[in-house]
Amino acid sequence: MENKARVIAIYLPQYHPIPENDEVWGKGFTEWVNVAQARPLFKGHYQPRIPRDLGFYDLRMPEVREAQAQMAREAGIEGFMYWQYYFGNNKKLLERPFEEVLSSGKPDFPFCIGWANHSWQTKTWKRDASLKEGKTMIMEQLYDGEKQYVDHFMYNLPAFKDRRYITIEGKPVFVIWNPLDHSEQISLLIKTWRRLAKENGLRDIYFIGRQYLGDTVERILNMGFDGVYQERTANALNQGEKYTLWYRIRNSVQLKFGIQLGLNKHDFKECYRYLLSKEAQRENIFPTMVAGYDRSPRAGNKAQLFYNFTPETWQNHVKDALALVSGKDYEHRVVFLKSWNEWGESNYMEPDIKYGSALLDVLKKELE
């Protein structure tokens, strides 16, 4: 029996130490450091978030990856979309978990790749936490033309040919996080990969671009993308609060002078409706369900965050997302889930000590 939708959960391969993070943030750093150090910023603020079933895991352990896949499978999730950090000059970061999934054949659980095409900078997390005085760039995202794109394709080809790889219309799905960054180069990559796909026995690649605040669906599609997934977290955070004169003044002051005027917090009960758009009823536009959002583990009192995110409010959001895609043919009934394990943004499906497996239970119930 088919589920109501093809849910693809976004997966962060971050939770293991790498030399680049050791150098900038300290020996053995992973985001569990930020997660464990988070503190409540107001009465009733749910922090810190402590994982229950899997604990503060290390993604170098295959047992952890197997347990994650089993949880996701039981909840009706079709597969994971692993973020890939590929910078050019054959430089990659956080590649080990997915490379081991690919080479080992385990877990036997569907997957696809999302290219997180952005530079790494120290401002990603707490600005005052870097050990490197004055250093802001950790790894720069490069766009070096056709040779880089050929190398990138060939690196991913074994994954595209893996029987577990998620497809739409028989084409391996490849997601690009920022389709408008160096848009001419992104279009060249798409053109190059389509040629290489056919030369290497694939039907094609199904390219999906992420639509973020200010972008338009048509602009992304006109670059050569097959589909768009809508990440509207920023829309909900901006529209969820009544747009009063005070709100306009506060935003202007924060943007111009970097001065914090109160917490940027929003009631999930009031603004979850802004996370979805009726555009996602189109066959090749895919909505995103957002499993909470609270960046305070990374940014402290400068964070944007939702409060009142509970299994009950989550259920309302899931119902709305599934209703949007119900009229599509099953192949295109794709819903992205942000995220499986983005604990640094309090944005995860894995069980924690407060709600246990309730988020997974809700999703399973609604998908069935």
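No experiment lies behind these values; they were computed from the predicted model shown.

Here's the deal with the nonpolar core
- Of all hydrophobic cores here, the largest spans 110 residues; its most connected members are Phe174, Trp314, Leu337 and Trp340.
- With 7 residues, the single largest contributor to this core is strand β2 (residues 79-88).

Regarding helix α3 (residues 62-74)
- Here α3 is 13 residues long and its end C-alpha atoms lie 18 Å apart, about the 18 Å a rise of 1.5 Å per residue gives.
- Looking at α3, one finds that the buried residues are Val64, Arg65, Gln68, Ala69, Met71 and Ala72. Angular distribution of buried residues about the axis of α3 spans 160 degrees; they occupy a single face of the element.
- Within two residues after α3, Gly76 carries a phi angle of roughly 95 degrees, on the positive side.

Focus on the pattern of salt bridges
- Summed over the entire model, instances satisfying the criterion amount to 25 salt bridges.
- As a salt-bridge pair, Arg298 and Glu345 come within 2.9 Å of each other at their nearest N and O atoms. Of the two residues, Arg298 sits in helix α11 (residues 296-299) while Glu345 sits in the loop between β16 (341-342) and β17 (347-348), which places them 47 residues apart along the sequence.
- A relative accessible area of 7% means that Arg298 is categorised as buried.
- Across the pair Lys338 and Glu345 runs a salt bridge, and its minimum N-O distance is 3.5 Å. Note on accessibility: Lys338 and Glu345 belong to one class, buried.
- Each member of the salt-bridge network shares a partner with another, and the members are Glu31, Arg210, Glu231, Arg295, Arg298, Lys338, Glu342 and Glu345.

Things to note about the packing of helix α5 (residues 146-160) against helix α6 (residues 183-199)
- Close contact between α5 and α6 brings their axes to 10 Å; oriented N to C, the two are set at 50 degrees. Taken together, the axes of α5 and α6 lie oblique to each other. The handedness of the crossing between α5 and α6 comes out as right-handed. When α5 is examined against α6, the residues Glu146, Tyr149, Val150, His152, Phe153, Asn156 and Phe160 are found in contact with a partner set consisting of Gln185, Leu188, Leu189, Thr192, Trp193, Arg195, Leu196 and Ala197.
- Residues of the contact of α5 with α6, tallied by class, amount to 9 nonpolar, 4 polar and 2 charged.

Some remarks on α5
- Given a rise of 1.5 Å per residue, 15 residues ought to cover 21 Å, and the 19 Å separating the end C-alpha atoms of α5 matches this to within 8%.
- The axis of α5 is deflected most strongly, by about 25 degrees, at Met154, and proline Pro158 appears within four residues downstream.
- Where α5 is concerned, the buried positions are Gln148, Tyr149, His152, Phe153, Asn156, Leu157, Ala159 and Phe160.
- Residues of α5 that are buried in the fold lie against β2, α4 (96-104), β4 (111-115), β8 (171-176) and α6.

Comments concerning the packing of aromatic side chains
- For the coordinates displayed, the defined rule picks out 37 aromatic pairs.
- Between Phe80 and Tyr82 the ring centres are 6.0 Å apart and the planes differ by 85 degrees, which places this aromatic pair in the edge-to-face class.
- The buried category is assigned to Phe80, whose relative accessible area is 1%.
- Taking the relative accessible area as the measure of exposure, Tyr82 reaches 4% and is therefore buried.
- Ring plane angle 50 degrees and centroid distance 5.8 Å describe the contact between Phe153 and Phe160, whose orientation is recorded as tilted.
- Among the residues examined, Phe160 registers a relative accessible area of 4% and is labelled buried.
- Against the face of Tyr212 rests Arg210, its NZ or CZ located 4.3 Å from the ring centre.
- Across from the ring centre of Phe42, 4.7 Å away, lies the NZ or CZ of Lys265, which sits over that ring.

Procedures and definitions
Residues numbered from 1 in each chain as written. Predicted model: local features only at pLDDT ≥ 70, side-chain atom pairs only at ≥ 80, totals over all residues. Heavy atoms only, no water. Core = buried A, V, L, I, M, F, W, Y, C linked by side-chain atoms within 4.5 Å. Buried < 20%, exposed > 50% of the residue type's maximum accessible area, 1.4 Å probe, protein only. Helix = DSSP H or I, 4+ residues; strand = E, 2+ residues; numbered from the N terminus. Expected span 1.5 Å × (residues − 1). Arc of directions from axis to C-beta. Salt bridge = Lys/Arg side-chain N within 4 Å of Asp/Glu carboxyl O. Axes fitted to C-alpha atoms, helices over the stretch in contact; angles between N-to-C directions. Parallel < 35°, antiparallel > 145°, perpendicular 65-115°, else oblique. Left-handed = near helix turned anticlockwise from the far one by under 90°. Contact = heavy atoms within 4.5 Å. Nonpolar A, V, L, I, M, F, W, Y, C, P; charged D, E, K, R; others polar. Bend = angle between axes of the 7 residues up to and from the residue. Phe/Tyr/Trp six-rings, centres within 6.5 Å; stacked < 30°, edge-to-face > 60°. Lys NZ or Arg CZ within 6 Å of the ring centre and 35° of its normal.

On their own, these measurements won't tell you what the molecule is for.
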